[in-house]
There are 2 protein chains.
Amino acid sequence: MSEVEIRKPQSSLQEQLAQIHDLLQRRRQAEELLHRHASGGRQQRVESLLQRQVNNELQKRLDGLHPADIAHVLEALPPEDRLVVWQLVKADRDGDILLEVSDAVRESLIADMDEGEILAAVEPLEADELADLVEDLPPEVLPALMGSLDPQQREQVQSALSYGEDQVGALMDFEMVTIREDVTLETVLRYLRRFDELPEQTDKLFVVNQDSILTGVLPLKWLVVNAPDKTVGEVMARDVDTFLPTDDADDAAQAFERYDLISAPVVDTQGRLIGRLTIDVMVDRIREESESEALGRAGLRQEEDIFASVLDSLRNRWAWLAINLVTAFLASRVIEVFQGSIEKLVALASLMPIVASIGGSSGNQTIIKIVRAIAMEQVGLHAIWRLWRKELGVAFFNGLIWGGVMGIVVAVLYDNPALGAVMTTAMILEQMLAAFMGVGIPMMMLRLGRDPAMGSNIFLVFMTDSGGFFIFLGLASFFLMH
Amino acid sequence: MSEVEIRKPQSSLQEQLAQIHDLLQRRRQAEELLHRHASGGRQQRVESLLQRQVNNELQKRLDGLHPADIAHVLEALPPEDRLVVWQLVKADRDGDILLEVSDAVRESLIADMDEGEILAAVEPLEADELADLVEDLPPEVLPALMGSLDPQQREQVQSALSYGEDQVGALMDFEMVTIREDVTLETVLRYLRRFDELPEQTDKLFVVNQDSILTGVLPLKWLVVNAPDKTVGEVMARDVDTFLPTDDADDAAQAFERYDLISAPVVDTQGRLIGRLTIDVMVDRIREESESEALGRAGLRQEEDIFASVLDSLRNRWAWLAINLVTAFLASRVIEVFQGSIEKLVALASLMPIVASIGGSSGNQTIIKIVRAIAMEQVGLHAIWRLWRKELGVAFFNGLIWGGVMGIVVAVLYDNPALGAVMTTAMILEQMLAAFMGVGIPMMMLRLGRDPAMGSNIFLVFMTDSGGFFIFLGLASFFLMH
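These numbers were taken from a predicted model, which means no experiment stands behind them.

A count of helices and strands for chain A gives 22 helices and seven strands. Since a compact globule built from 482 residues should have a radius of gyration of about 23 Å, the 31 Å found for chain A marks it as more spread out than a globular shape. When the backbone C-alpha atoms are referred to their principal axes, chain A occupies close to 95 × 80 × 55 Å. Here the analysis covers contacts within chain A between residues at least 6 apart in sequence; of these, 71% occur between residues at least 24 apart.

In C-alpha cells, the structure reads:
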C-alpha cells in the first residue's frame, strides 16, 4: 500500500521562498561575472552555462508550486527579482497567477507583458475570472480579447462587468451543474458520470425547471446517501439561501460565514438561476473587507505593494497627510489663543499634550468598538443614546482615576495644587469629549450613508487635540491667571 | 412544480431584529401595566394574557431563526433584553447558540443558567464543540458533564483540550468518513447509503489503511463522476494538504484560503488520521485574526461585548491607557527641558504638536503596512534594509513637501523666516524618524518572537511624540536663541 504524499502547506512555502531567494542571488552573481568578462571566450561560456543552470533550477521549482504560492512568491520579491521570476513561469499558468496576486503587483506584472503574452495568459480563464482581470488590462488588447470569446462567454463577461465591484454580480461564476427535479438520483449519477470533472467548490447541484427557475438544491452529500430510486424532488432542499446579483457583496460574505455555506445560487428577480457564489471568493472578500477597514483607518487609500516605488507610495499616502496637516494646524491655533497664559506659566506647554494624547487613545478605542459593531450590524442609529450613556460612564471613571493620578503628580512636581486640580478636571472633561465623539462620529457617518471607518480617525484626533488644548488651557487661564 | 422558498439571508435578518426589538418593547409595556395594577383582578388577568401573547410571538419568531442568527440577535441586545430572549429560546438549541456567540456574550448567558440547563444545553454537541465551550463553563458542572460522555467522546474532548487555542488540534473535529483504497466506488456508494447523513462540510472521504494511516482522499466530486467499477486507489488523490495538530492555526487558515480547501485531514507524526479541519472553522479564524489585530493595535485586550458594563469596559481598557499616560508624561518631560526657549518664543508651544502629530500618522501608515506584510509572510527580517531605504525615501520627500508648505506658512504667519526654516527641517527629520521606527519596531517585535501588531503603536507614538518635540525644540533652541 503506497504512502500518501503529505504536503505541508505553510512550512514548505517559507522554505521554498528562501530557496528561491537563494537561487536569485546565485543568478545575480552569475550575471555580474558575465558582465565583468564581457569579452572573454571560454570563461564566458562557462558562466552563461552557469546562468542557464540556475534558470533551469528556478523554473523547476516554480513548476512545482501552486499558482497561489507563485503569487505569494511574486508579492514577496522586490520588483527586479519579481520580473525575473515572472518571465520563468510557464505561460499557461500566467492567467491563474494574475488572478491570485494583489492589485498592485498585478499591475506591475501586466506592464511587463506584450499583447500576445496577455492574450495567451487569459485564454484558459473562465468568464468570471476574465471579468476580474479585464479592468487591469491595457485597453488596446480588449478588442482582440473579446473577439476570441464565444458568444456565451462574451455575454457572461459583459454581465459580470455590468455590476459594481461591491455587488454579488461581480463575484459570481457561471459554472453551475443543473438538474431537473422529476428524475431519479440514479439518473443524476449517470448524468454526472458523463462529466470529466465537476467545477471547483461544487457541493450541491442546482435544481431548475424548464424556464430556468430555481426550484431547489441537491447537496452531493444527500445525493450519495439517499436511495438511487428516489427522485430529486423528494430529496432536494427547498429552502435555499439565494442571492440577487445586485446584493451587497459583504452582506453575502457574512451570510456565507454565518450559515457555513460552500456555494449558493444567484437568481434574478424572477427566480431564474443566473450564477453561483462560492466560499473561496467569499473568504477573499472577508479578508479584503477587514484589511481595507484597517488601511482606511490609517488613511491608506489602497493595499500597497510592499516594494512599491517611492512615488507610488507618496501618491497612496499624501491625501491623509495633507488633511492631517490641516487639522494639526487648526489645533495649533487653539494653543495660539492662550499664548498669554503659556507665557505666564510655561508648564502649561509641557502638560497640554498629555491631555490631548490620552483623549486621542481612548476615543480611538471607542471608535474601533463602534465601527466594528456597526459593521457586524449589531447596533444601528437607535442605539446611540444607550451607547453614549455607557461610554460617557466609562470615560468619567477613566478620567477620574487617571486624571486623579496625573493631578497628584502635577501638584507635587510643580508644587502647585491648583495646577493639579486643573489637570484632573481637564482630563475628566477630555475623556468625556473623546467618548462623545467616539460614539458620535461613526454614527454620524452611518447617518450620512458613508463608511463609518473611513476617515473617522482624522476627525476624532482633530476634536480630541483641539478640544484637549482648549479645555486644559481654558481652565488654566480661567482659574490660575489673575 | 413547486416554487423554491427563497431565503434572503441578510435583509430579513435586519428586519427580524427590528421586529424583535419591537416585541420586546411591547413586552416591557405590558410588564409596566402589570406592575401598576399589581392588586387588580380582571384588569391584571388581561394584561398577563397580553404578556403571554407577546412571549408566544417572540418565541415563534426565534424558533424560525438559524442558531447563528439568534446569536446575532443576542449580541445586538442590551443585557436585560438579552436574558429575556435567552429564556425564550428552545433548550435544545442552547448549545448551538452558545457556540456561535462571542466570548463576552457567552459568559453573560452561561452566568444566567443553572447546572441542569447547562448540561441539557451541551448534551447534543459534538466532542470538538464541547471542547470549545468547556473553558467557559463553571467548574462545578464539569464532573457531571464528563461523566455523561462515552469513553470515545471523553477521549476526544480531552485530546482537543490538550492543544493550545492557537493550534490546529484545538480547532479540528472528529467527524471523518473513512474508506479503504482497495474497494470499488460502487461499494463506497453502497456504504454511504447506510448513513442517514454525512457530517457537515464533507467534501471528501479520507482513505486509510488498516493502521489508520492516511493514504489519500476521495473528493465526493470525483466519486460521482468516475465509473463505479474503478477502485478508490485508482481514483483518489495521493498528494493531500495535511496538518499536524500542533501546527499553527493561523497558518492553517491561510492554507485554506490559498488552496481553496473545504476540509483537510489532520494526522499525527506517524501519518495516522486523527481529525479534520473544515472551512467554516477556518473562516471564523480568519475573521478573528484580523479583528484581534485591529483591537490589539488600539490596546483593547479582547473583543468587548458592545453593551458590557462600565466596569468590564474599564478593565478591558485600563492597561493601554496607563501605559499611554506614562509615555505621554515622558514626552512632556522633553518639552520641560526646553522651557527656557518656549518662554522666549511662545510660538514654539503652538507649533510643536504639529510636528509630533504628522510624525505619528505617517509612522502609523508605515507600521500597518509592515505588520500586514509580516503577517502574510511576504517579508522577513532579511528585508529590513530594503524596507528602511524605501520608507526613508518616502519620508524624506513627504517631509520636504509638507515641511516646505508648513515652513512657508510659519515664516509668513510669524513673520520669521528662520522659524519657518526650523519648521521645515524639523518636519523632514521627524518624518524620517517615524519611517525608521515604523519599519524597525515591528521588525524588532518579530526578532523577539512577539506579535508585531501588539502594542507597536504605543512605542511608535512615544518615539514620534518625544522625538518630534526634541527635534523641533532642539533645532529652535540651537538656531533661534542667542
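With that settled, the discussion passes to the relation of the copies chain A and chain B. Once turned by 180° and shifted 0.0 Å along the axis, chain A lies on chain B with an RMSD of 0.1 Å. When the rotation and shift are considered jointly, the pair of chain copies conforms to a two-fold rotation axis. Both copies contact each other with a shared surface, as 99% of the interface residues of chain A are interface residues in chain B too.

Residue and element names in this part refer to chain B. The geometry of helix α19 (residues 347-375) relative to helix α21 (residues 417-447) is characterised by a closest axis approach of 8 Å and an angle of 30° between their N-to-C directions. The angle between α19 and α21 falls in the class roughly parallel. Seen along the crossing, α19 lies across α21 with a hand that is right-handed.

As a further point, take the domain arrangement of chain A. Split by domain assignment, chain A resolves into domain 1 (11-165), domain 2 (178-297) and domain 3 (310-480). On a C-alpha basis, the centroid separation for the pair domain 2 of chain A and domain 3 of chain A is 49 Å.

Quick look at the sheet that holds strand β3 (residues 204-208) of chain A now. Residue and element names in this part refer to chain A. With respect to topology, three strands assemble into an open sheet ordered β2-β3-β4, the strand pairing being mixed. Of all strands in the sheet, those with a lone pairing partner are β2 (178-179) and β4 (214-219), marking the two edges. Across five bridges, the pairing between β3 and β4 is antiparallel. Each residue of the ladder has a partner; that of lysine 204, found in β4, is proline 219.

Moving on, we get to the pairing of strand β4 (residues 214-219) of chain B. Among the six residues in β4(B), six count as buried, and that is most of the element. In sequence, strand β3 (residues 204-208) of chain B turns back onto β4(B) through a hairpin of five residues, with Ser212(B) there showing a positive phi of about 65°.

Whenever strands of a sheet pair, they do so through backbone hydrogen bonds, lying parallel or antiparallel. Residue and element names in this part refer to chain B. Overall, mixed pairing links the three strands, which are arranged β2-β3-β4 in an open sheet. At either end of the open sheet lies a strand with only one pairing partner, and these are β2 (178-179) and β4. Taken together, the two bridges between β2 and β3 define a ladder with parallel strand orientation. Looking at the pairing, threonine 178 lines up with phenylalanine 206 of β3.

Glancing now at the environment of Thr327(A). All names here are of chain A. Take threonine 327: it is sitting in helix α17 (residues 310-337). Separated by 112 residues in the primary sequence, threonine 327 and threonine 215 place their C-alpha atoms 57 Å from one another. Non-local contacts of threonine 327, meaning those with residues more than four positions away in its chain, are made with Ile458, Val461 and Phe462.

This paragraph deals with helix α3 (residues 67-76) of chain A. Of all the 10 residues making up α3(A), nine are buried; the element is thus mostly covered by neighbouring parts of the structure. Those residues of α3(A) not exposed but buried are Ala68(A), Asp69(A), Ile70(A), Ala71(A), His72(A), Val73(A), Leu74(A), Glu75(A) and Ala76(A).

Let's shift gears to the confidence of the model for chain A. Of the residues in chain A, 92% reach a pLDDT of 70 or more, and the chain-wide mean stands at 87. Across the whole predicted complex the pTM is 0.79, and at the interface the ipTM reaches 0.78.

This part covers the packing of helix α8 (residues 127-134) of chain A against helix α10 (residues 151-161) of chain A. All names here are of chain A. Where α8 meets α10, the axes come as close as 8 Å, and the angle between the chain directions of the two elements is 50°. As the angle between them shows, α8 and α10 are arranged oblique. For α8 against α10, the interelement crossing comes out right-handed. Two secondary-structure elements touch here, α8 through Ala127, Asp128, Leu130, Ala131 and Val134 and α10 through Gln153, Gln156, Val157, Ala160 and Leu161. Split into classes, the residues belonging to the contact of α8 with α10 amount to seven nonpolar, two polar and one charged.

The rules behind the values
Residues numbered from 1 in each chain as written. Chains lettered and ligands numbered in written order. Predicted model: local features only at pLDDT ≥ 70, side-chain atom pairs only at ≥ 80, totals over all residues. Helix = DSSP H or I, 4+ residues; strand = E, 2+ residues; numbered from the N terminus. Rg over C-alpha atoms; globule rule 2.2 N^0.38 Å. Contact = placed C-beta atoms within 7 Å. Least-squares fit on C-alpha atoms with pLDDT ≥ 70 in both. Axes fitted to C-alpha atoms, helices over the stretch in contact; angles between N-to-C directions. Parallel < 35°, antiparallel > 145°, perpendicular 65-115°, else oblique. Left-handed = near helix turned anticlockwise from the far one by under 90°. Domains from an automatic or database assignment. Pairing = 2+ DSSP bridges. Buried ≥ 20, exposed ≤ 12 C-beta atoms within 10 Å, placed from the backbone. pLDDT = per-residue confidence, 0-100. Nonpolar A, V, L, I, M, F, W, Y, C, P; charged D, E, K, R; others polar.

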